[in-house]
Amino acid sequence: MKRKIGLIELPALKLVDPSGKNWTALRRREPLVSKQILIPQLLAGGFDVHLFNLKDGENETSFGTVTWRGLNLNKILVGRPLQLNARDMDVWGMTVNYMQEREPACMLIRQLSKDRPVVVGGSDAFADPEPYLRAGAVAVVTEKSGAANYTVLDYALGKQPREPLAGVMLADGRRFSSRKPMSPEDWPLPSLAVAKQCLGTQYWEDALPSELLPIGSVLPDIGCDRHCDFCETPLYKLGYRRMSPERALEWFALQKQAGARSVICPSDQFLARILYKGGRDEILEIMRGVRELGLSILWGNGLELKKATLGRGLPNGDPTPDEDLVRALWGWDGSVGCYHAFIPAERPTFGREAYAKLLPWEQHRTMLETIVGAGLPALTYGVIVGFPDDSHETLSRLESAIAELCGRLKTINPALRFVVVPYAIRPITGTPLEAKIRGQGLIRFEDPAIVGGFWTACADTLHINYEKVSDWQERLMAIGDPMTQW
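A. Seen up close, the environment of Pro220. Topologically, Pro220 is positioned in the loop between β11 (215-217) and β12 (221-223). Separated by 36 residues in sequence, Pro220 and Pro184 have C-alpha atoms that sit 6.7 Å apart. Apart from residues no more than four positions distant in its own chain, Pro220 is found in contact with Pro184, Arg242, Met243, Ala248, Cys265, Ser267, Phe270 and Arg273.

Below, the structure is given as structure tokens:
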């Protein structure tokens with residue numbers, strides 16, 4: 001008899017001030033990216049898998065408050081209540097990718113672990129396993145490719161693991177290092193039913209027109225070849241692993257069959273394949289195939305612009321945009337191609353050696369002009385603020401540069417939707433940047449709902465306090481078009 005595994009998608013979170021304003025991203029009906037990968041893998045491993053999507057509901061439950069900027073923020077879960085019968089499953093599994101989900105996740109772990117083992121994975125659990133183990137999890141998965149999943153579930157079920165434990169931290173404190181990561185090429189393709197179950201109707205970057213709904217998802221690679229000091233991905237030690245074009249297009253075709261009209265590609269480094277022999281041809285083949293399927297693509301996590309140059313992002317490479325590649329990635333003809341892209345602003349104010357992927361500002365601006373000239377109708381311009389060296393002067397220069405860029409791009413396409421989204425630094429546990437700002441005594445909050453929030457600044461800089469950082473977020477957001485999401 002197959003053992004039952006219950007996979008939990010946690011409810012969405014709001015941080016509501018006394019005026020009713022929400023201070024975090026309310027992400028309720030996104031495509032279930034990780035579950036679409038995990039479910040078929042566990043099915044192939046001989047488990048009976050059940051999805052419990054706690055975002056799918058209208059219930060609102062307050063679970064605490066936190067004071068920030070003198071405001072009493074009410075923490076509210078939106079979706080279905082945290083009420084599950086632990087005995088319905090043999091093991092419960094939970095993916096916690098965002099620090100702001102930590103508190104409700106631990107509440108649920110404490111409830112379920114009284115009667116059944118709970119296994120936790122995801123980026124926040126990887127970064128800081130201890131809170132989840134203290135709450136009662138039997139194990140935290142510290143391997144991000146999927147290679148550890150079978151053995152950790154065997155262990156949680158009290159069975160002899162089919163392979164030696166690896167990529168996991170246990171409740172007794174033992175930690176087992178990862179071995180060879182799994183390649184995305186080897187992830188089992190989901191069934192049509194699972195693909196349909198994992199479609200979404202909300203895009204986390206911006207509102208989409210109804211003709212692009214529902215939204216599918218394809219993750220054609222994992223890992224990164226860069227080592228930016230604010231990012232957790234280098235800590236996974238995966239290197240860079242990718243699907244072949246043939247396999248990637250199988251995933252895209254399945255999204256189409258499931259009813260998707262657009263597909264988000266939340267890749268960390270889709271363009272890293274350009275560093276390999278034939279990699280540029282792979283990119284062009286995948287993008288041509290997506291267009292032939294009649295799908296619109298959404299680059300929700302931001303492609304590395306430097307790799308879309310003739311120099312492919314290599315040291316001392318030619319920074320001229322590769323126009324054929326730009327058209328393939330960001331071109332839009334009114335019905336297919338790239339409808340929306342998140343594009344990271346490239347603005348290190350210090351320590352450029354930690355951000356080797358960045359283009360100098362002039363080349364960055366030229367690349368944006370080329371992208372908009374390719375027809376991209378909408379972009380979100382993501383800006384990180386609150387670096388330790390940030391001051392009113394540096395942020396004022398940033399404001400002027402973005403305003404000028406917006407004007408240039410609107411000249412190329414007056415109908416362009418250009419939304420500025422200024423994120424405050426989130427000090428992710430284990431990253432060099434977190435160690436630096438913590439060592440400088442700049443972090444003002446430890447509540448995961450604030451530190452892990454999308455809009456709530458949690459750290460001072462060497463020149464201004466966190467409240468002023470928050471003021472600059474509001475000020476920078478006023479450039480360009482108003483954000484309608486959340």
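Now that the structure has been shown, the text picks up again.
B. Quick peek at the packing of aromatic side chains. By the definition in use, this model includes 12 aromatic pairs. Taking the centre distance of 5.3 Å and the plane angle of 75° together, the rings of Trp332 and Tyr339 count as edge-to-face. There is no split in this pair, since Trp332 and Tyr339 are both buried. What links up through ring pairs into an aromatic cluster is the set Trp23, Trp68, Phe445 and Tyr466. The side chain of Lys21 reaches across the aromatic face of Trp23, ending 4.0 Å from its centre. A cation over an aromatic ring shows up here: Arg242 above the ring of Tyr276, its NZ or CZ 4.5 Å from the ring centre.

C. Structural view of the pattern of salt bridges. By the definition in use, this model includes 39 salt bridges. Between Arg438 and Glu434 there is a salt bridge whose closest N-O contact spans 2.8 Å. Placement of the pair is Arg438 and Glu434 together in helix α12 (residues 432-439), with a separation of four residues, close to one helical turn. For Arg438, a relative accessible area of 39% gives the class partly exposed. For Glu434, a relative accessible area of 10% translates into the label buried. Residues Arg444 and Asp460 are paired through a salt bridge, measuring 3.3 Å at the closest nitrogen-oxygen approach. With Arg444 in the loop between α12 and α13 (448-451) and Asp460 in the loop between α13 and α14 (466-477), this residue pair connects regions lying 16 residues apart in the sequence. Under the relative-accessibility criterion, Arg444 is labelled partly exposed at 46%.

D. View of helix α11 (residues 392-412). With 21 residues, α11 extends 31 Å between its outermost C-alpha atoms, agreeing within 8% with the 30 Å of an ideal straight helix rising 1.5 Å per residue. Along α11, the positions that sit buried rather than exposed are Thr394, Leu395, Leu398, Glu399, Ala401, Ile402, Leu405, Cys406 and Leu409. Taken together, the buried residues of α11 touch α10 (361-373), β17 (378-385), β18 (417-424) and α14.

E. Seen up close, the packing of helix α7 (residues 245-258) against helix α8 (residues 279-292). Where α7 meets α8, the closest approach of the two axes is 10 Å, and the angle between their N-to-C directions is 25°. It follows from the interaxial angle that α7 and α8 lie roughly parallel. The element α7 and its partner α8 pack so that their crossing is right-handed. Contacts between α7 and α8 involve Pro245, Glu246, Ala248, Leu249 and Phe252 on the former and, on the latter, Glu282, Glu285, Ile286, Gly289 and Val290. Per-class residue counts for the contact of α7 with α8 are six nonpolar, one polar and three charged.

F. A look at the sheet that holds strand β6 (residues 91-95). Strand order in the open sheet made by the seven strands is β3-β1-β6-β7-β8-β9-β10, with mixed pairing throughout. The open sheet has two edge strands, β3 (48-53) and β10 (175-176), and neither has a second partner. Note that strand β8 (residues 139-141) and strand β9 (residues 168-170) share three bridges and pair antiparallel. Counted as the bridge partner of Ala139 is Leu170 from β9. Relative to strand β1 (residues 4-9), helix α1 (residues 33-44) is tilted by about 175°, and along the sheet it contacts β1, β3 and β6.

G. Focus on the packing of α11 against α14. Relative orientation of the contacting elements α11 and α14 amounts to 10°, with a least axis distance of 11 Å. By the angle class used here, α11 and α14 are roughly parallel. For the pair α11 and α14, contact is made by His392, Leu395, Ser396, Leu398 and Glu399 and by Lys468, Trp472, Arg475 and Leu476, respectively. A breakdown of the residues in the contact of α11 with α14 according to their chemical character gives four nonpolar, two polar and three charged.

H. Region of the structure containing the sheet that holds strand β4 (residues 59-68). Taken together, three strands build an open sheet; the order of strands is β2-β5-β4 and the sheet is antiparallel. Among the strands making up the open sheet, the edge pair consists of β2 (12-16) and β4. With strand direction ignored, the average angle separating the axes of adjacent strands in the sheet is 25°. Two strands pair when backbone bridges link them, and β4 and strand β5 (residues 71-79) are joined in this way by nine bridges, in the antiparallel orientation. Considered in β5, the bridge of Thr67 is made with Asn72.

I. Structural context of a nonpolar patch on the surface. A grouping of Leu275, Tyr276 and Leu314 is seen on the molecular surface, where their side chains present a nonpolar patch of about 220 Å² in accessible area. With respect to the helices and strands, the residue Leu314 is situated in the loop between β15 (296-299) and α9 (323-330).

J. Just the side chain of Glu30, in detail. Within the fold, Glu30 resides in the loop between β2 and α1. On the basis of relative accessible area, Glu30 is assigned to the buried category, the value being 13%. A polar contact of 2.4 Å, which involves the side chain of Glu30, links it to the side chain of Arg27. When sequence neighbours within four positions are dropped, the list of residues in contact with Glu30 reads Leu199, Gly200, Gln202 and Trp204.

K. Local environment of α12. Turning to α12, its buried residues number three or more, namely Leu433, Glu434 and Ile437. Each buried residue of α12 lies within a common arc of 100° when the element is viewed along its axis, so the set occupies one face. The first or second residue beyond α12 is Gly441, which carries a positive phi of 70°.

Criteria and cut-off values
Residues numbered from 1 in each chain as written. Predicted model: local features only at pLDDT ≥ 70, side-chain atom pairs only at ≥ 80, totals over all residues. Heavy atoms only, no water. Helix = DSSP H or I, 4+ residues; strand = E, 2+ residues; numbered from the N terminus. Contact = heavy atoms within 4.5 Å. Phe/Tyr/Trp six-rings, centres within 6.5 Å; stacked < 30°, edge-to-face > 60°. Buried < 20%, exposed > 50% of the residue type's maximum accessible area, 1.4 Å probe, protein only. Lys NZ or Arg CZ within 6 Å of the ring centre and 35° of its normal. Salt bridge = Lys/Arg side-chain N within 4 Å of Asp/Glu carboxyl O. Expected span 1.5 Å × (residues − 1). Axes fitted to C-alpha atoms, helices over the stretch in contact; angles between N-to-C directions. Parallel < 35°, antiparallel > 145°, perpendicular 65-115°, else oblique. Left-handed = near helix turned anticlockwise from the far one by under 90°. Nonpolar A, V, L, I, M, F, W, Y, C, P; charged D, E, K, R; others polar. Pairing = 2+ DSSP bridges. Patch = residues over 30% accessible without salt bridge, like charges linked within 9 Å, V, L, I, M, F, W, Y side chains within 5 Å. Areas by Shrake-Rupley, 256 points an atom, 1.4 Å probe, with all protein chains shown as cover. Polar contact = N/O pair within 3.5 Å; in protein donor to acceptor, adjacent residues only side chain to side chain. Arc of directions from axis to C-beta.

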